[in-house]
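What follows is each chain in one-letter form.
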Amino acid sequence: MGTIKLVALDMDGTLLNERQEISSENAMWIRKAMDAGVTVCFATGRGFQSAVPYAEQLKLDTPMITVNGGEVWHRPHVLHKRTLMSPEMLKRLHELALSYPECWYWAYTTMDIYNKEKWIEPASDFDAHHWLKFGYHVDDTAIRDAILKETASWGGLEITNSSPWNLEMNPVGVSKASAIRELCTLLDIDMSQVAAMGDSLNDIAMIREVGLGVAMGNAQEEVKAAADVVTVTNEEHAVMHLIRDYVLKG
């Protein structure tokens, strides 16, 4: 592993504590990394709208990866690349969700976020929107597994999760890893010079592909198995530990 020049951070369950806050310790060490010339970026399943307030809080004028890599931003509000999901695929995912009354679902467009309680109007006009991602939340493991099996059989999807109870769907080839590869080209650095940290299946690809892949102490077991290092939980300032002990090495 060479010198780390880019730190890619998942947000929920990683940078953020259980109250959705960035601890002052994490914030301080992000600032130290930036002052040392290291680029710190978010790599999140969140849409831009719900991620950007945290970038503003940290005064980060750096690239952002949102909706699991569906959008790559040069910096806040300046889009570099966006990968859309076809309205046909989105309609199919939505119809499957409707066939399971127990299932809660949500979807991101480039403009908004929709869910079971608040769907598009008119409900059948999928072509009127630019879709990015679809998600299912199911507490029942058997039903979640059935949805996974069905959608995986279609092809054309990158299927991950952001918690053990959900499934997240992006167009095939879209991941936080593909977005980081894109950023490496922009920043003229190598994947070996990247550290990435996360807790869920949507973090596995980037954790495997970068120079230093870090799993949270609260990560799902598969994520820990894929990582170079397993750190403390999101309640224990894990970002501070990563930057202090590995990126700036004390």
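That block above? That's the structure.
Residues numbered from 1 in each chain as written. Predicted model: local features only at pLDDT ≥ 70, side-chain atom pairs only at ≥ 80, totals over all residues. Heavy atoms only, no water.

Some details on the sheet that holds strand 6 (residues 104-109)
Strands pair in a sheet through their backbones, by hydrogen bonds, and they do so in one of two ways: parallel or antiparallel. Sheet architecture is open: five strands sit in the order 7-6-8-10-9, paired in antiparallel fashion. Every other strand in the sheet has two partners, leaving strand 7 (113-115) and strand 9 (157-160) as the edge strands with one partner each. Looking at each pair of strands side by side, their axes are set apart by 20° on average, direction ignored. Here helix 3 (residues 87-98) sits on the sheet and contacts strand 6, strand 8 (131-137), strand 9 and strand 10 (166-171); the angle it forms with strand 8, its principal contact strand, is near 15°. (Pairing = 2+ DSSP bridges. Helix = DSSP H or I, 4+ residues; strand = E, 2+ residues; numbered from the N terminus. Axes fitted to C-alpha atoms, helices over the stretch in contact; angles between N-to-C directions. Contact = heavy atoms within 4.5 Å.)

Structural notes on the side chain of Asn-170
You can see Asn-170 is positioned in strand 10. Within the local environment of Asn-170, its side chain forms a polar contact with the backbone oxygen of Val-67, the two atoms lying 3.0 Å apart. Once you skip the residues sitting within four places of it in the chain, Asn-170 turns out to touch Val-67, Asn-68, Gly-70, Met-85, Leu-132, Lys-133, Gly-156, Leu-157 and Glu-158. (Polar contact = N/O pair within 3.5 Å; in protein donor to acceptor, adjacent residues only side chain to side chain.)

Things to note about the pattern of salt bridges
Per the stated rule, a full pass over the model turns up 15 salt bridges. Arg-46 is the partner of Asp-12 in a salt bridge, and the nearest nitrogen-oxygen pair spans 2.7 Å. Taken as a pair, Asp-12 in the loop between strand 1 (6-9) and helix 1 (24-35) and Arg-46 in the loop between strand 2 (39-43) and helix 2 (48-57) lie far apart in primary sequence, 34 residues in all. For Asp-12, a relative accessible area of 28% translates into the label partly exposed. For Arg-19, the salt bridge is made with Glu-21, and the minimal N-O distance between the two is 3.3 Å. According to the relative accessible area criterion, Glu-21 is partly exposed, its value standing at 38%. A network of salt bridges, in which partner residues are shared, links Asp-10, Lys-176 and Asp-203. (Salt bridge = Lys/Arg side-chain N within 4 Å of Asp/Glu carboxyl O. Buried < 20%, exposed > 50% of the residue type's maximum accessible area, 1.4 Å probe, protein only.)

Quick notes on the pairing of strand 4 (residues 71-75)
In the sheet, strand 3 (residues 64-66) pairs with strand 4 via three bridges, with the strands oriented antiparallel. Opposite Ile-65, over in strand 4, you have Val-72 as the bridge partner. Two successive antiparallel strands, strand 3 and strand 4, enclose a turn made up of four residues, where Val-67 displays a positive phi of approximately 40°. Here strand 4 runs beside strand 5 (residues 78-82); their pairing, made up of four bridges, is antiparallel. When the sheet's bridge partners are listed, Arg-75 is paired in strand 5 with Val-78. Taking the residues that link successive antiparallel strands as the turn, the strand 4-strand 5 hairpin has two residues, and the phi of His-77 there is positive, at about 75°.

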